[in-house]
Amino acid sequence: MTPKFKIILMLLTISTLSITSCKKDDDLPTPSPTPTASKSFLNLTFNTTNAYFSTDGSMSTPVDSNQAKTITSKIDITFIFNYDYTKPGFFDPIARSQVWYWNDYYKPWLSTAVKTEYYKTSLTKADFDAAKTDQSKIATCFSNSSTVLAPHGIFPTGSCIGGRQSSNPLSIMLSQGNVFGFKNTTSGKRGLIYIRLDQYSGWPMPISNFNTKVDIIREN
């Protein structure tokens, strides 16, 4: 075998190995992208004092009105409590800045806050947990046909869940284990609110306090 032939044979062997190696790499499955976790705010406690919260990531716990007044453009979740019917709830800041037939919750200083729409759903804790680790699943939750703007007979549709109940249409009350949706219409970000099971004794009756415990997640 001549030296020239040996060189040609060597080059052919290298080319064959290179092609085979490339083919094996091409046959490998494409790895799935790592899911992006939602913004999570877990074990939050709302009450009649600490009733204001922002889901933009700037706070870890609800704040009182003194703090909220300095950041009204951030507040997108507000807590309410109806004393006559012992019903906790959540209210849109802009709607809450206006006078309605029931003005128990009236806070005119919220007038510069963002608008939040609330949704009733048929979602479960498992749905909530799945969306917590993969924010793309929040969109899936909102595409569910049972996810619709929360009805109310006094306040604008979608502006309120819980609080004093209206009858025409029948408004949505908070119950342990419920999952509700919300959307910040300024940012377009959507999220879910889970009413925790480990509420204080007698909830929603204020036997020792007015607290309501929730978990909240939101798209980044």
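Up top you'll find the structure we're talking about.
Keep in mind that this is a model prediction, so the values were computed, not measured.

Trainee: Would you mind showing me how to read the sheet that holds strand β10 (residues 212-218) here?
Mentor: Within a sheet, each strand pairs with its neighbour through backbone hydrogen bonds, oriented either parallel or antiparallel. Within the open sheet, the six strands sit side by side as β1-β10-β9-β8-β5-β6. Their pairing is antiparallel. Edge positions in the open sheet fall to β1 (39-46) and β6 (148-149), since each of these has one partner strand only. Pairing of strand β5 (residues 116-120) with β6, which is carried by two bridges, proceeds in the antiparallel orientation. Its bridge partner being in β6, Lys120 is matched across the sheet by Val148.

Trainee: Before we go on, may I ask you to explain the packing of aromatic side chains in this structure?
Mentor: In this description, a pair of aromatic rings is defined by centroid distance and the angle of the planes. Taken as a whole and judged by the stated rule, the model has 17 aromatic pairs. Between Phe46 and Phe53, the ring centres sit 6.2 Å apart and the planes meet at 80°, which makes this aromatic pair edge-to-face. There is no split in this pair, since Phe46 and Phe53 are both buried. Relative to Tyr194, the ring of Phe128 has its centre 5.7 Å away and its plane inclined at 40°; by these criteria the two rings are tilted. Of this pair, Phe128 sits in helix α4 (residues 125-133) while Tyr194 is found in strand β9 (residues 190-195), placing the two residues 66 residues apart along the sequence. Tyr194 matches Phe128 in its accessibility class, with the two residues each being buried. One aromatic cluster in this structure is built from Phe91, Trp100, Tyr101, Trp102, Tyr105 and Phe155.

Quick notes on the rules
- Residues numbered from 1 in each chain as written.
- Predicted model: local features only at pLDDT ≥ 70, side-chain atom pairs only at ≥ 80, totals over all residues.
- Heavy atoms only, no water.
- Pairing = 2+ DSSP bridges.
- Helix = DSSP H or I, 4+ residues; strand = E, 2+ residues; numbered from the N terminus.
- Phe/Tyr/Trp six-rings, centres within 6.5 Å; stacked < 30°, edge-to-face > 60°.
- Buried < 20%, exposed > 50% of the residue type's maximum accessible area, 1.4 Å probe, protein only.

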